[in-house]
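# Structural features, examined
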Amino acid sequence: MGAPRSQVRLLGPDGRPLRPSGSLLISSEDYAGASRNRQQTAGWLVSPKPSSAETANARQTIAARTRDLIRNSGVAAGAMRKMRAQTIGPGFRLRAKPDADQLGVDPKEAVLFGRKAEAVWNRWAFDPRRQCDIARKRTFGQISRTLWSERFQTGENLAVLRWLPDRDTAFATCVQEVDPDRLSNRNDAPDTDIQRQGIHFAETGEPVAYDIRERHQADYVITAKVFEWATLPRVAEDGRRVVIHAFSADRAEQIRGISPFAPLLTAFRSLDRFAEAELGAAIINATFAGFIKSGFDPLAVAEALGLDQGGMVEMGKGWQDARLGMYGDGGLTIHDNKIPALPPGDEFEVNNTSRQTGAYKDFKRAFLQDFAAAIGMPYMVLSEDWNGASYSSARAALAETWRIVTEDREDFIADTIDPVYYEVMTEAFWRGYLVEPDGWPPFEGNEVAYLNADWTGPGRGYVDPEKEAKANLLLWRMGAKTLDQICAEQGLYWEDVITQIGQEIGRMRELGVALPELREALALSTPAQQEVSSDV
């Protein structure tokens, strides 16, 4: 019997045995998604990386492919146009709402001052001379649509607020749109700890300056400005905002935007190739109206007769000459009706081959559903396929889309519209276009209270106007919804609506036209609703 085996132990610095560490018992197998041994995840090898590394390696390629896709895909171009129409439309309308409580003023005075602020803003934003645009070509609403379109394609938008006092305009502030591709490190230098992808950062992580190439790096015009950069501060020394670089961040410490098309590009490419293959096959199938079958095989006959190659060719030539003689140049016709005359052994067969396209339709439908989910648009709106859609499903889809549109709209307003609004209105106070009313605190130091505002965009629309109007009326009577909210959902301003209604009622009274009554409108409602409204 051998000697007993000694037990091996690991000793610590104090000479005592080390206790087993809990970390040694942790395995990636505890989570199936982290397993490297399962068939589904064996080839799924990824490593953690910061968000800045993700955008640095992929942003430009994804942006270029997305632009190419929108240029050449009707589905992608239509999706962008529909989302833009829902989010931006003709442009946002300012609803100035100075904070009366914070300013310590009469709310009625705040409303009147808000109307003055709106007039000043509209003077800058929608001036027919286009003073808001550095190129003097478009209104601010049109500029907003372009900036949003860039954001939808590349995931970010870039603009510079220029101060040009010598333009002979009422305002010196104007907007210059910039292609985000031009935002890059000076001389294409590699990233450093404080300068990454064209952005200079403070130690706190705040962006403080931007390197913007004077011309696009792929400009077809030969110019030295392709190799020149301008370094612009995010905020000037006097506190004026200069550069607006905006994007929706999905990760902490993200510094550049990424296109929402990123997870869809490979599927889009597959769909295009699938469609081209199906179309090519259909064209080929339609090109050949029929086929002539012949039982004559020159090679088999030559082999049976023991002819050499030259004899086989001569025999084939003789047979083809006889066949051409039988068909003739124009064939046989009777009263312009062609009668085929085939040589013995030949047979004419019409091409009745049919292709099964169900696989393509199913693939396209599944892809469009994924695409619609990725951009937050109902499938039936994206595809224009309303088969099987009911009021309930359409209403639910519209409600879901409206939440996404509202989120995107609020992000775009906060990142892009509000900074422009603040600078324009600050200049308006500086130039005396707006003056603090008597008894109000100074504008400087109270900018947030003075410039508090909402922005009205395109309306959400109706699926069934009658049902939704009745629902709005019920919520309004319950006090659960205001007229301001009801009008804003349809892209309207409630004060404009009631002012117009007042003018119409006054004119109808002048002309002796019977006025519409609420009771008459409610007479069209259901009996239950009539009981609720009997005390109106």
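Everything numeric here is computed off the predicted structure, so don't read it as measured data.

Cut-offs applied
Counting restarts for each chain, with residues numbered from 1 along the sequence as it is written. A pLDDT threshold of at least 70 governs which residues receive local features in this predicted model, and a stricter bar of 80 or more applies before side-chain atom pairs are shown or counted, although totals over entire chains, interfaces and linings include all residues. Where side-chain values are given, they derive from all heavy atoms of the structure, hydrogens and water being excluded. The rule for a salt bridge is simple: a side-chain nitrogen of Lys or Arg has to be within 4 Å of a carboxyl oxygen of Asp or Glu. Segments assigned H or I by DSSP are reported as helices when at least four residues long, segments assigned E as strands when at least two residues long, and all are numbered from the N terminus. We call a residue buried when its accessible area falls under 20% of the maximum for its residue type, exposed when it is over 50%, and partly exposed in between, using a 1.4 Å probe and counting protein chains only. For every residue, the predictor states its confidence as a pLDDT score lying anywhere from 0 to 100. We call two residues in contact when some of their heavy atoms are within 4.5 Å. Only strands joined by at least two bridges in the DSSP assignment are considered to pair. Lines fitted to C-alpha atoms define the axes, with helix axes restricted to the stretch in contact, and inter-axis angles between N-to-C directions lie between 0 and 180 degrees. For this analysis, a ring pair means two rings from Phe, Tyr or Trp (six-membered ring only for Trp) whose centres lie within 6.5 Å, classed as stacked if their planes differ by under 30 degrees, edge-to-face if by over 60, and tilted for the remaining angles. Two N or O atoms form a polar contact when they lie within 3.5 Å of each other; inside protein one atom must be a possible hydrogen donor and the other a possible acceptor, and for residues adjacent in sequence the pair counts only when both atoms belong to side chains. Every angle not falling under 35 degrees, over 145, or within 65 to 115 is termed oblique; those three ranges are roughly parallel, roughly antiparallel and roughly perpendicular. Amino acids are sorted into nonpolar (Ala, Val, Leu, Ile, Met, Phe, Trp, Tyr, Cys and Pro), charged (Asp, Glu, Lys and Arg) and polar (every other residue, Gly among them). Crossings are sorted by hand: turned counterclockwise from the far helix by less than a right angle, the near helix makes the crossing left-handed, and turned clockwise it makes it right-handed. Patch members must show over 30% relative accessible area and no salt bridge, and they are joined within 9 Å when carrying like charges or within 5 Å when they are nonpolar side chains of Val, Leu, Ile, Met, Phe, Trp or Tyr. Note on areas: Shrake-Rupley, 1.4 Å probe, and residue coverage restricted to the protein chains presented here.

We now examine the pattern of salt bridges. Pairs may arise between side chains of opposite charge once their charged atoms sit close together. Throughout the structure, instances matching the rule amount to 26 salt bridges. Between Arg115 and Glu495 there is a salt bridge, and its shortest N-O distance comes to 3.3 Å. Placement of Arg115 in helix α4 (residues 107-125) and of Glu495 in helix α15 (residues 494-511) is noted, with a sequence separation of 380 residues between them. The exposure class of Arg115 is partly exposed, given its relative accessible area of 24%. The shortest N-O distance in the salt bridge between Asp193 and Arg196 comes to 3.8 Å. Linked through salt bridges whose partners overlap, the residues forming this network are Arg59, Arg67, Glu150, Glu156, Asp179, Asp181 and Arg256.

With that out of the way, let us pick up the confidence of the model for the protein chain. For the protein chain, the mean per-residue pLDDT works out to 81, and 78% of the residues sit at or above 70. Confidence over residues 526-536 falls short of pLDDT 50; this stretch has 14 contacts with residues more than four positions distant or in other chains.

Turning to the sheet that holds strand β3 (residues 173-178), a few remarks are in order. The sheet built from three strands is open, its strands ordered β3-β2-β8 with antiparallel pairing. Looking along the sheet, the strands with just one partner apiece sit at the ends: β3 and β8 (243-247). Here the strands of the sheet are splayed against their neighbours by 25 degrees on average, with no regard to which way each runs. Alignment of strand β2 (residues 156-163) against β8, held across five bridges, turns out to be antiparallel. Bridge assignment links Asn157 to a residue of β8, and that residue is Ala246.

Before going further, it helps to spend a moment on the sheet that holds strand β4 (residues 195-196). By definition, the strands of a sheet pair up through backbone hydrogen bonds, in either a parallel or an antiparallel sense. On the basis of which strands lie adjacent, the open sheet formed by four strands has the order β4-β5-β6-β7 and antiparallel pairing. Only two strands of the sheet have a single partner each, and these edge strands are β4 and β7 (229-233). Where β4 and strand β5 (residues 199-201) come together, two bridges link them in antiparallel fashion. Within β5, the residue paired with Gln195 across the bridge is His200.

Two aromatic rings are characterised by how far apart their centres lie and by the angle between their planes. One pass over the structure, following the stated rule, counts 23 aromatic pairs. Taking 5.9 Å as the distance between ring centres and 65 degrees as the angle between the ring planes, the aromatic pair formed by Trp163 and Trp430 counts as edge-to-face. Taken together, the residues Trp163 in strand β2 and Trp430 in helix α11 (residues 391-431) connect sequence positions 267 residues apart. For Trp163, a relative accessible area of 32% gives the class partly exposed.

The next subject is the side chain of Glu118. Mapped onto the elements of the fold, Glu118 is located in helix α4. Residue class for Glu118 comes out buried when judged on its relative accessible area of 8%. At a separation of 2.8 Å, a polar atom in the side chain of Glu118 contacts the side chain of Arg115. Not counting chain neighbours up to four residues away, the residues in contact with Glu118 comprise Leu94, Arg95, Ala96 and Tyr493.

Where α4 contacts α11, the axes come no closer than 10 Å and their chain directions differ by 105 degrees. In terms of axis orientation, α4 runs roughly perpendicular to α11. Residues Phe113, Ala117, Val120, Trp121 and Trp124 of α4 lie in contact with α11, whose contacting residues are Val420, Tyr421, Val424, Met425, Ala428 and Phe429. Residues that form the contact of α4 with α11 fall into these classes: 11 nonpolar, no polar and no charged.

In this section: the packing of helix α5 (residues 140-154) against α11. The interhelical angle for the contact between α5 and α11, taken along N-to-C directions, is 140 degrees, at an axis separation of 12 Å. The orientation of α5 with respect to α11, classified from their angle, is oblique. For the pair α5 and α11, the sense of crossing is right-handed. Touching Phe140, Ser144, Leu147, Trp148 and Arg151 of α5 are Asp411, Phe412, Asp415, Thr416, Ile417 and Val420, all from α11. Residue composition of the contact of α5 with α11, grouped by class: six nonpolar, two polar and three charged.

A few words on a nonpolar patch on the surface. A contiguous nonpolar patch, built from Leu474, Leu475 and Met478 and spanning about 280 Å² of accessible area, is present on the exposed surface. Tracing the backbone shows Leu475 in helix α13 (residues 465-478).

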